[in-house]
Amino acid sequence: MKYFLVSLCLLETFLHALAQCVPASEFQLEGDYLLGGLFNVHHDSDPVYHDRPEAIDCSSKPLVNSSYRRFQLMRFSVEEINNSTNLLPNVSLGYEIFDHCSDTQTFPGIFNLKSDDLIQPGGEPHKNRSKIIAVVGASTSTHSLTVAPLFMMDLIPMVSYAAASSVFSRIQNLPSFLRTVTPNQDTIEVIVNILQHYNWRWVAFLYIDEDYGKDGQELFIKRIKDTEICLAYTKGLNQYTDYSQIFKQIEAQGIGIIIVFVHEWTAEPLIKSAIQLNVTNKVWIAVNTWSLNKKLPKEKGIKNIGTVIGFSESEVTIPGFSDFIYSSRSMTHCENAEQFVFCNQVCNCSSLSVEDVIAADPSFNFNVYSAVYAIAHALHNALQCGSGSCNRNITVYPHMVLAELKKSNFTILNQSIRFDENGDPNYGSYSIVFWNQSGDAEVIGFYNLHPFHFFINDSKIQWYTEGEVPTLPCSPECGGGYAKKYNGIHKCCFDCEICPTGTYVNSTEDPYKCINCKETEWSAAGSTSCNLRVVEYIPFTDSGAILIMVGASALVGLTLAMSVLFAINYNTPVVRSAGGPMCFLILGCLSLCSLSIFFYFGKPTISFCILRFLPFLLFYTVCLACFVVRSFQIVCIFKMAAKFPKLHSWWIKYHGQWLVITVAFVTQALFLLIGYTYFPPKPYDDISWYPDKIILGCDMNVKSSSGSVVLLLSLCSLCFIFSYMGKDLPKNYNEAKAITFCLLLLILTWIMFATVYILYRGKYIQTLNALAVLSSLYSFLLWYFLPKCYIIIFQSYKNTQEYFKGLIQNYTKTISQ
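All figures in this text were calculated on a predicted structure; none of them were measured in a lab. For every chain, the first residue of the written sequence is number 1, and numbering continues from 1 along that sequence. Local features are withheld for residues below a pLDDT of 70 in this predicted model, meaning they are given only at 70 or higher, and side-chain atom pairs are given and counted only at 80 or more; totals for whole chains, interfaces and linings count all residues. Side-chain figures throughout are based on the complete set of non-hydrogen atoms in the structure, without hydrogens or water.

Visitor: Which residues make up the sheet that holds strand β24 (residues 682-686), and what values do they have?
Guide: One key point about sheets: their strands pair by backbone hydrogen bonds, in either a parallel or an antiparallel sense. The three strands lie next to each other as β23-β25-β24, forming an open sheet whose pairing is mixed. Two strands close off the open sheet at either side, each with one partner strand: β23 (534-536) and β24. Going from strand to strand, the sheet's axes swing by 30° on average, the running direction of each strand aside. Strand pairing follows a simple DSSP-based rule, namely that at least 2 bridges must link the two strands. Segments assigned H or I by DSSP are reported as helices when at least four residues long, segments assigned E as strands when at least two residues long, and all are numbered from the N terminus. As paired elements, β23 and strand β25 (residues 693-699) share three bridges and run parallel to each other. Paired with V534 across the bridge in β25 is K693. In this analysis, axes come from line fits to C-alpha atoms, helices being fitted only over the stretch in contact, and the angle between any two N-to-C directions falls in the range 0 to 180 degrees.

Visitor: I'd like to hear about the pattern of salt bridges, residue by residue, with values.
Guide: It is possible for side chains of opposite charge to pair when their charged atoms get near one another. The term salt bridge refers to a side-chain nitrogen of Lys or Arg lying within 4 Å of a carboxyl oxygen of Asp or Glu. The final tally for this structure, using the stated rule, is twelve salt bridges. Of the charged contacts in the structure, one is a salt bridge between R201 and E477, with a shortest N-O distance of 3.0 Å. Placement of R201 in the loop between α5 (184-197) and β7 (202-208) and of E477 in the loop between β16 (453-456) and β17 (482-486) is noted, with a sequence separation of 276 residues between them. One salt bridge in this structure joins K298 and D440, with 3.4 Å as the shortest N-O distance. Placement of the pair is K298 in the loop between β10 (282-286) and β11 (306-313) and D440 in the loop between β14 (429-435) and β15 (441-448), with a sequence separation of 142 residues. If you follow the salt bridges from partner to partner, you end up with R201, E477 and K484 in one network.

Visitor: Account for the state of the cysteines, naming residues and giving values.
Guide: Whenever a pair of cysteine sulfur atoms sits within 2.5 Å, that pair is classed as a disulfide. Under the defined criterion, the tally for this structure stands at seven disulfides. Paired through a disulfide, C478 and C496 show a sulfur-sulfur distance of 2.0 Å. With the S-S dihedral at roughly -90°, the linkage between C478 and C496 falls on the left-handed side. Here C478 is found in the loop between β16 and β17, whereas its partner C496 is found in strand β18 (residues 494-498), with 18 residues between them in sequence. A disulfide bridge connects C609 with C698, and the sulfur atoms are separated by 2.0 Å. Taking the torsion about the sulfur-sulfur bond, which here is approximately -80°, the covalent link between C609 and C698 counts as left-handed. Here C609 is found in helix α18 (residues 606-643), whereas its partner C698 is found in strand β25, with 89 residues between them in sequence. Across the pair, exposure class does not vary: C609 and C698 are buried alike. Left without a disulfide partner, C583 is nearest to the cysteine sulfur of C626, which lies 9.2 Å away. A simple rule labels every residue: compare its accessible area, found with a 1.4 Å probe on the protein chains alone, to the largest value its type can have, and call it buried under 20%, exposed over 50%, or partly exposed in between.

Visitor: Tell me what's going on with the sheet that holds strand β6 (residues 177-179), and back it up with residues and numbers.
Guide: If you trace the six strands from one edge of the open sheet to the other, you get β1-β3-β2-β4-β5-β6, paired in mixed fashion. Two strands in the sheet have a free side with no partner beyond their single neighbour: β1 (28-29) and β6. Bridge count between strand β4 (residues 132-136) and strand β5 (residues 158-160): two bridges; the pairing is parallel. Within β5, the residue paired with V136 across the bridge is V159. The strands that helix α2 (residues 65-82) touches are β1, β2 (33-39), β3 (93-99) and β4; relative to β3, the one it contacts most, it runs at about 170°. Contacts between residues were defined by any pair of non-hydrogen atoms, one from each residue, lying within 4.5 Å.

Visitor: Any chance you could break down the nonpolar core for me, citing the residues and the numbers?
Guide: Buried Ala, Val, Leu, Ile, Met, Phe, Trp, Tyr and Cys residues form a nonpolar core when they are joined through side-chain atoms within 4.5 Å. Residues I194, L195, W200, F220, W284 and W290 are the most contacted members of the largest nonpolar core, which totals 69 residues. Per-element tally for this core: the top contributor is β7, with seven residues. Sequence-distant contacts of W290, defined by excluding residues within four places in its chain, comprise V260, V262, E264, A267, I271, I285, L296 and W435.

Visitor: Run through α5, naming residues and quoting values.
Guide: Multiply 1.5 Å by the residue count of a helix minus one, and that product is the helix's expected span. Helix length check: α5 (14 residues) gives 20 Å between terminal C-alpha atoms against 20 Å at 1.5 Å per residue, within 8%. When α5 is considered as a whole, its buried residues turn out to be N184, T187, I188, V190, I191, V192, N193, I194 and L195. Remark: N199 follows α5 within two positions and exhibits a positive phi of approximately 60°.

Visitor: Just give me the short version of unusual backbone geometry, but keep the residues and values in it.
Guide: The step from G137 to A138 runs through a cis peptide bond, and the omega angle for that step is 5°. With respect to the helices, strands and loops of the structure, A138 is situated in the loop between β4 and α4 (141-153). A cis amide bond, omega -5°, links H450 with the succeeding residue P451. Position of P451 among the secondary structure elements: in the loop between β15 and β16. Here the phi dihedral of L155 falls at roughly 55°; this positive angle occurs in a residue that is not glycine.

Visitor: Summarise the confidence of the model for the protein chain; cite the residues concerned and give the values.
Guide: Mean pLDDT for the protein chain: 85, with 84% of residues reaching 70 or above. One number per residue, pLDDT, summarises how confident the predictor is, and it ranges from 0 to 100. Taken as a whole, residues 334-343 scores under 50 in pLDDT and shows 23 contacts with residues more than four places along the chain or in a different chain.

Visitor: An account of the environment of E421 is needed here, citing residue identities and associated values.
Guide: Residue position: E421 is located in the loop between β13 (415-418) and β14. C-alpha separation for the pair E421 and K407, spaced 14 residues apart in sequence, amounts to 9.6 Å.

Visitor: How would you sum up helix α14 (residues 543-568)? Please name residues and give values.
Guide: Here α14 contains 26 residues, and its C-alpha end-to-end distance of 37 Å stays within 8% of the 38 Å for a straight helix at 1.5 Å per residue. Of all the residues in α14, the buried ones are A545, I548, M549, G551, A552, L555, T559, M562, S563, L565 and F566. Structurally, α14 contributes buried residues whose contacts are with α15 (573-578), α16 (581-593), α17 (595-598) and α23 (765-794).

Visitor: Any details on the packing of aromatic side chains? Residues and values, ideally.
Guide: We call Phe, Tyr and Trp rings a pair once their centres come within 6.5 Å, taking the six-membered ring for Trp, and we label the pair stacked below 30 degrees between planes, edge-to-face above 60, and tilted otherwise. In this structure the tally under the stated criterion is 42 aromatic pairs. A centroid spacing of 4.2 Å and a plane angle of 15° characterise the contact between F627 and F780, whose relative ring orientation is stacked. Taken as a pair, F627 in helix α18 and F780 in helix α23 lie far apart in primary sequence, 153 residues in all. Just as F627 is buried, F780 falls in that class too. Judged by centre distance (5.0 Å) and plane angle (85°), the ring pair of Y784 and F785 falls under edge-to-face. The class of F785 is buried, set by a relative accessible area of 0%.

Pasting the structure below:
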């Protein structure tokens, strides 16, 4: 509603101007078709509110040199077109230009109306009204929003050269609005690209507190949402802003990057305040509205505030404009008439020299130039101009010009002019500039919009740090192997935590998370990647493995030799007392048990894992069962035979020893069959013991092996009990003592292995396991059978019936006494 009311008032003034103001001013030129122009030649920075609608004298306000230059550029463009015989032959353009110094102060009474009497733009239409075919302007987004609704009602084309707010891209709301300035979306994109180019993340965003600035702030917040950039501080600026308070807050938060999204008349007091308040060591990013300011780079003390970089529309030299300014400024214009003051068509700029105009900020100059030419080309098409003339019989209405404007496609000064479906320019580029030590805005790069191309020559920038690009983060970047941990509401503020062993951090994908390595990988604390674990097992070529396999082979050879020796001396007392035929069974099972040893080496497979345990568990069970029987028989012969003759006779009659051995063998076979069917041993990668290694082994399921192990332990316990009961047998008859000693060695061996297994799980645990198995086999071979062989070979006198009968008779006498 505000903009609509203000628009009514401005349009009223606009129409009055056409009827009342005589063409004796720079602001007016007669022609066949009139263009409207809105320029803020002056700027009202100190508003004073009135009780009723009241137009003010803009000429009494401060003059804006850059805006006056744009104002003159529109005049030059129209004159150049009129002097051309190609674009609009036999047709002349005129203009009515207004000094739109402030939408609120030019018509202050709009905000204070207390009655229902509205200013009416109606009545009889003025005779020249139909000749206003388009309007060039206005100079800001707020000014454009003020007047645009009324021009839209009649579809009068309005081509703005500086209104960059994104609201103007809504073609459904502003159907006849076009612009030659790139919209704020592109401006924000340039800012973000500069920030990302230098990896700046902790920034402040200062914006002018009006439509242009607020739109820029909203777009910036939306654009950085999914980036690493953090908006640490933002503030809208106006004529009442306390700059000292702003800089205190920026300094308190350690912000080093300040984006200044304002017009030049707001940038000047801001930068001057920074100089006065001794704000130092900052990077200032200037947008295209003030980056080419001519005064500020030469301001005393400007070097102390830090480094100023920015961007502007690429500067285009317009031929003949300087000559036009010289000739125009040499002419005398009638500017003191009362009606010109009322119309805000008085410059009051006699103090402005030609050099001042030429040296003024050239921002948006090409935008004005191309806007006028776009309208001229649209009129050219509407009048069907060609062959040196235009069809003057055609009545041109604004909507016809609008239709041709939207189809614009021409080239001027090597720049192709086109508009997209929203009326935004489909062309353009930016120059990246740096305020150098000489006080000039030096071009250091470019940013092309169509097609996209971005480049900055960093070597041309003289940073306040005297070399390195300032980093200026909220928190210093974490070193390699450290993950970020938020310590506030901003993602740019964080602590660094080292990633523990077995994890790593990928800073490019997710710098906030320590990622676990795969089971086949490892990493030390503080890693940025994982390494493959070293796979270890004992190969057949290992020296320890070779020695153990040689030992196992020797065991097989010894058992074979002992079997031959016992077979030759089968009927001797020593062989028969050792077990007779049972000796061959024990020796054979010991040989078969040794097969397990060979499968402890090499890369484990399922078959290797099965054969690593199966032969030993099965045939060692038979060995222990034989020794249980032997121990029991020794006790029976010397003790139970005398005290329990019936039990002894039953044992002899039914061959109890073979029955026990068979039951033990069958039971163990069933345990192994059932267990290995459901839970067979399988290769196992042990990754828990060493962080950087995988130890290959065999996983023996507890459920599948528990029955077999319990059976072995039971047989071992029975054997030990029976053999211990025969400890008081005659000294020279040491069967039970030999078995007891073998069992003690067996138990000691596996206790030692279990202790080492608890403390060590490296690859050599397989070697130790094989050694424990081999020791278990040698304990019986060396301490039970070898003494028998010694007697047979070297003490044959003890291997006689008489010697054994003598021992038994002496022991029987001892018991009876």
